[in-house]
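Read off the chains here:
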Amino acid sequence: RCQLENHPLYLAGLGIEDLETCEHIFASLNSTALLIRHASHFHWVQFLDLHFDKWDTDKYLKLSRFLYNNYVQALQIIEQYSVKLEEFKQCKKLADVDFLKWRDEESEYLGQVATEPMVDTIAIAYIEQLKKL
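The structure presented is a predicted model; accordingly, all values stated were derived computationally and were not measured. (Residues numbered from 1 in each chain as written. Predicted model: local features only at pLDDT ≥ 70, side-chain atom pairs only at ≥ 80, totals over all residues. Heavy atoms only, no water.)

(A) A look at the overall build of the protein. Counting its regular elements, the protein contains five helices and zero strands. Tracing the protein from N to C terminus, the helices and strands come up as α-α-α-α-α. Computed over the C-alpha atoms, the radius of gyration of the protein is 24 Å, more than 25% above the 14 Å expected from 2.2 N^0.38 for a compact globule of 133 residues. On the principal axes, the C-alpha backbone points of the protein span a range of 65 × 60 × 20 Å. The 133 residues of the protein split such that 10% are buried. Taking as baseline every contact in the protein between residues at least 6 positions apart, the subset at least 24 positions apart corresponds to 49%. (Helix = DSSP H or I, 4+ residues; strand = E, 2+ residues; numbered from the N terminus. Rg over C-alpha atoms; globule rule 2.2 N^0.38 Å. Buried < 20%, exposed > 50% of the residue type's maximum accessible area, 1.4 Å probe, protein only. Contact = heavy atoms within 4.5 Å.)

See below:
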């Protein structure tokens, strides 16, 4: 359920960001976790603070280039696909609200199938009990 509510596909305003930066941050924490897994809480927090302070210093220099490149990419996508999107919408007699409706319907459907039906759960439990015999 959490993934449905927080997945980038369903978050308004996330745009073209693929959250790769988050992946890089979490990957960098893997090496840090090895060093602090047995540390006291104070040293654990202190080392994480040091890690992110260094991360911020290293990445701050690249931030303006990153933002600029994303802005340019967004403008190119808008310029390249706006005409095609309008043609598609006219051809299929669609409006912007239709795309939002489809996204909401997909999210609702995935929410309904996120849990196994009770019939399947009972059948699996029955088979597991048979195997124990």
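(B) A look at a nonpolar patch on the surface. A contiguous nonpolar surface patch, about 560 Å² in accessible area, is contributed by Tyr60, Leu61, Leu63, Phe66 and Leu67. Locating Leu67 in the fold gives a position in helix α3 (residues 41-91). (Patch = residues over 30% accessible without salt bridge, like charges linked within 9 Å, V, L, I, M, F, W, Y side chains within 5 Å. Areas by Shrake-Rupley, 256 points an atom, 1.4 Å probe, with all protein chains shown as cover. Salt bridge = Lys/Arg side-chain N within 4 Å of Asp/Glu carboxyl O.)

(C) Looking closely at the packing of helix α2 (residues 20-36) against α3. The N-to-C vectors of α2 and α3 enclose an angle of 150 degrees; their axes lie 11 Å apart at closest approach. Put simply, α2 runs roughly antiparallel to α3. Pair α2 / α3 crosses with right-handed handedness. Along the contact surface, α2 presents Thr21, His24, Ile25, Ser28, Leu29, Thr32, Leu35 and Ile36, while α3 presents Trp44, Phe47, Leu48, His51, Phe52, Trp55 and Phe66. Of the residues in the contact of α2 with α3, the class split is ten nonpolar, five polar and no charged. (Axes fitted to C-alpha atoms, helices over the stretch in contact; angles between N-to-C directions. Parallel < 35°, antiparallel > 145°, perpendicular 65-115°, else oblique. Left-handed = near helix turned anticlockwise from the far one by under 90°. Nonpolar A, V, L, I, M, F, W, Y, C, P; charged D, E, K, R; others polar.)

(D) Focus on the layout of surface pockets. Each pocket or cavity is described by its volume, and for the largest pocket that value is around 410 Å³. Lining of the largest pocket is provided by 14 residues; of these, Thr21, His24, Lys59, Leu63 and Phe66 occupy positions nearest its centre. Taken together, the elements giving at least two residues each to the lining of the largest pocket come down to α2 and α3. Per element, the largest residue contribution to the lining of the largest pocket is seven residues, and it comes from α3. Class assignment for the residues of the lining of the largest pocket results in five nonpolar, four polar and five charged. For the second largest pocket, the calculated volume is near 240 Å³. Contributing to the lining of the second largest pocket are Leu9, Tyr10, Leu11, Ala12, Gly13, Phe99, Leu100 and Arg103. Class assignment of the residues belonging to the lining of the second largest pocket gives a composition of six nonpolar, one polar and one charged. (1 Å grid on protein atoms, 1.4 Å probe; cavity = no way out; pocket = protein on both sides within 12 Å on 5 of 7 lines; lining within 4 Å. Points joined across faces, edges and corners; volume = space filled by probe spheres on them.)

(E) Spotlight on α3. With 51 residues, α3 extends only 61 Å from end C-alpha to end C-alpha; this falls clearly short of the ideal 75 Å at 1.5 Å per step. A maximum bend of about 45 degrees is found in α3 at Lys62. Contacts from the buried residues of α3 go to α2 and α4 (96-112). One or two residues past the end of α3 sits Lys93, with phi positive at roughly 55 degrees. (Expected span 1.5 Å × (residues − 1). Bend = angle between axes of the 7 residues up to and from the residue.)

(F) Fine view of the pattern of salt bridges. Applying the stated criterion across every chain, the model contains four salt bridges. For the salt bridge of Lys54 with Asp58, the shortest nitrogen-to-oxygen distance reads 3.1 Å. Pair noted here: Lys54 and Asp58 are both in helix α3, with a separation of four residues, about one helical turn. A salt bridge links Lys89 to Glu86; its shortest N-O distance comes to 3.1 Å. Here the residue Lys89 and the residue Glu86 both occupy positions in helix α3, the gap between them amounting to three residues, near one helical turn.

Distances and angles like these do not, on their own, reveal function.
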